[in-house]
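Examining the three-dimensional arrangement
As a plain string of letters, each chain reads:
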Amino acid sequence: MRPNLSRACRPIHFIQTRSYAFQASGTPSFQVFNRRTKWLQKERAGANVEASRQADYLKDEMASRVSERLIDIKRNFPRALDLGANSCNIARALIGPNPDNDPENPSTNSLPPLASKISELVAADSSPALLYRDAETLPDNKDIGSGMTLTRHVLASEETLPFEAETFDLVLSSLSMHWINDLPGYLAQINNILKPDCPFIGAMLGGDTLFELRTSLQLAEQERKGGISPHVSPLADTRDVGGLLQRVGFKMLTVDVEDLIVDYPDTFALMQDLQAMGESNAILGREMGAISRDVLLANEAIYRALHGNEDGTIPATFRIIHMIGWKDSPDQAKPLPRGSGEISLKDYLEKK
């Protein structure tokens, strides 16, 4: 499936599978990412407005997919939070056309935008340049469409949330949590700021994201320098995310994964877009400075040899982990105790 994206030279293919997670991972006792470096990368991306907007195709697409999950929740949300809002991609998705409307039959498109479910959306991010990049078209503290007011909040640190307990009726997050050092603590904070029986809906990069770039760069450095340096961030696995959500107290969990494959003309265009997204390498202990020309040229050749498409383009895989969790509440629906069933499903199906 190829969605209609604003940047036609970046076709995206979707491969969807579903996986449920039970195994929990240990709480990290060390820092993986340099938050100062990541903040600087996002600030530079936000300052380069034109390049940043052109590279928004991935975050815009994922913001739309996160927002679509509100369709199945039959309630309104007086106050919602968009954590790691980037350039307010979720706000743009919410005020767009309702995904359930049929674009080929406009006469039947009577459903309002999903923004009509939310009274106030608080967009929070640590980068002012990125957060306020589109303030002219998405003004602050004003109705931006369908009765939804957008309020921006600059975070001193994305690792520590400054909001009071039970503040929000909904928390959303799209493509920002993969840079969090203490993911268990972060999810616990999200659970804390939610009101009882209210949902958290998120999507983050995980698993084998950019495995093509990871393997080709490792081989190129091994060939040209006799060793390797980390250039692609370590990412959470689907099973880890489900276990962490369960551990911090979320109920009625849904965790699933999809692969987005984007075609690029070459590895240089891929890395240029990652930089424009603010998604460059920010691992602590990484090799400082630019990758050498010899390594980049070897990487280009190895990438094409191992992963190249027949039409001359190269694929880049972004693995997206989707998650939904609900804050516990005494009034929330709960499963019956194990063994309390009075009808055998096996006997019922055999009668059929």
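Above: the structure in question.
The shown structure was predicted, so the numbers you read here are calculated from the model rather than taken from an experiment.

Each value, and the rule that gives it
The residue count restarts for each chain, going from 1 along the sequence in the order it is written. Local features in a predicted model are, by the rule used here, given only for residues with pLDDT of at least 70; side-chain atom pairs are given and counted only at 80 or more, and totals for whole chains, interfaces and linings are based on all residues. The side-chain values count all of the structure's non-hydrogen atoms but skip hydrogen atoms and water molecules. Helix and strand assignments follow DSSP, with helices taken as H or I runs no shorter than four residues and strands as E runs no shorter than two, numbered in order from the N terminus. A 1.4 Å probe rolled over the protein chains alone gives each residue an accessible area, and that area as a share of the maximum for its type sets the label: buried under 20%, exposed over 50%, partly exposed in between. Note on definitions: a residue-residue contact is assigned when non-hydrogen atoms from the two residues lie within 4.5 Å. For accessible areas, the Shrake-Rupley method is used with a probe of radius 1.4 Å. Any residue's cover is judged against the shown protein chains and nothing else. Throughout this description, a polar contact denotes any pair of N or O atoms lying within 3.5 Å of each other; where both atoms belong to protein, one of them has to be capable of donating a hydrogen while the other can accept it, and for residues adjacent in sequence the pair is counted only when both atoms sit in side chains. In this analysis, axes come from line fits to C-alpha atoms, helices being fitted only over the stretch in contact, and the angle between any two N-to-C directions falls in the range 0 to 180 degrees. Angles are sorted into four bins: roughly parallel if under 35 degrees, roughly antiparallel if over 145, roughly perpendicular if 65 to 115, and oblique for all others. We define the nonpolar core as a collection of buried residues of types Ala, Val, Leu, Ile, Met, Phe, Trp, Tyr and Cys that are connected through side-chain atoms lying within 4.5 Å of one another. Two strands are said to pair when DSSP picks up at least two bridges between them. Crossovers are described as right-handed under a simple rule: with the strands pointing away from the observer, the path leading from the first strand over the helix to the second runs clockwise. Multiplying one less than the number of residues by 1.5 Å gives the expected span of a helix. This arc is taken over the directions from the axis of the helix to the C-beta atoms. A side-chain nitrogen of Lys or Arg and a carboxyl oxygen of Asp or Glu constitute a salt bridge if their distance falls within 4 Å.

**What to know about the overall build of the chain**
- Each helix and strand counted, the chain has eleven helices and nine strands in total.
- Within the chain, buried positions represent 51% of all 352 residues.
- Residue pairs at least 24 apart in sequence account for 83% of intrachain contacts in the chain once pairs closer than 6 positions are excluded.
- In the structure as shown, the chain presents an accessible area of about 17100 Å², 52% of it carried by carbon and sulfur atoms.

**Quick look at helix H8 (residues 238-247)**
- Taken residue by residue, H8 has Thr 238, Val 241, Gly 242, Gly 243, Leu 244 and Leu 245 as its buried positions.
- The opening residue of H8 is Asp 237, an N-cap whose side-chain oxygen sits 3.0 Å from the backbone nitrogen of Arg 239.
- Gly 249, located one to two residues past H8, shows a positive phi value of around 110°.

**Some details on the packing of helix H9 (residues 267-277) against helix H10 (residues 293-307)**
- Interaxial distance between H9 and H10 falls to 9 Å at its minimum, and their mutual angle equals 110°. Between H9 and H10, the interaxial angle falls into the category roughly perpendicular. In contact with Thr 267, Phe 268, Leu 270 and Met 271 of H9, H10 contributes Leu 296, Leu 297, Asn 299, Glu 300 and Tyr 303.

**Overview of the nonpolar core**
- Counting 55 residues, the largest nonpolar core has Leu 94, Ile 118, Tyr 264 and Phe 318 as its most contacted members.
- No other element matches the six residues that strand E9 (residues 314-327) contributes to this core.
- Beyond its immediate stretch of four places on either side in the chain, Leu 94 contacts Ser 67, Leu 70, Pro 113, Leu 114, Ala 115, Ile 118, Leu 121 and Met 148.
- Within the second largest apolar cluster, 29 residues are counted, among which are Leu 83, Met 177, Phe 200 and Leu 244.

**Considering the side chain of Thr 209**
- Position of Thr 209 among the secondary structure elements: in the loop between strand E7 (199-205) and helix H7 (211-225).
- Excluding residues that lie within four positions of it along the chain, Thr 209 makes contacts with Arg 214, Val 232, Leu 235, Thr 317, Phe 318 and Arg 319.

**A short note on the pairing of strand E6 (residues 170-174)**
- Of all five residues in E6, five are buried, a share of seventy percent or more.
- In E6, alternate side chains face the same way, and those of Leu 170, Leu 172 and Ser 174 on one face and Val 171 and Ser 173 on the other are all buried.
- Bridging between strand E2 (residues 77-83) and E6 involves four bridges; their strand directions are parallel. Note on E6: the bridge partner recorded for Ala 80 is Leu 170.
- The pairing of E6 with E7 spans four bridges and is classified as parallel. Bridged to Ser 174 within E7 is Ala 203.
- For the segment spanning E6, helix H6 (residues 183-193) and E7, crossover handedness is right-handed.

**Topic: H7**
- Helix length check: H7 (15 residues) gives 21 Å between terminal C-alpha atoms against 21 Å at 1.5 Å per residue, within 8%.
- Residues of H7 that are buried include every one of Glu 212, Leu 213, Ser 216, Leu 217, Ala 220 and Glu 221, and no others. One face of H7 carries all of its buried residues, which in axial projection span an arc of 145°.
- Along its buried surface, H7 packs onto H9, H10 and E9.

**Examining the side chain of Asp 256**
- Mapped onto the elements of the fold, Asp 256 is located in strand E8 (residues 250-264).
- For Asp 256, a relative accessible area of 5% translates into the label buried.
- Here Arg 69 takes part through its side chain, which lies 3.0 Å from a polar atom of the side chain of Asp 256.

**Details of the pattern of salt bridges**
- Counted by the stated rule, this structure contains 22 salt bridges.
- Across the pair Glu 279 and Lys 59 runs a salt bridge whose closest N-O atoms are separated by 3.3 Å. Placement of the pair is Glu 279 in the loop between H9 and H10 and Lys 59 in helix H3 (residues 57-68), with a sequence separation of 220 residues.
- With a closest N to O distance of 2.7 Å, Arg 319 and Asp 259 form a salt bridge. Remark: Asp 259 occurs in strand E8 and Arg 319 occurs in strand E9; sequence separation between them is 60 residues.
- A cluster of three or more residues bridged by salt bridges with shared partners is formed by Arg 53, Asp 56, Asp 60, Arg 92, Arg 133 and Asp 134.

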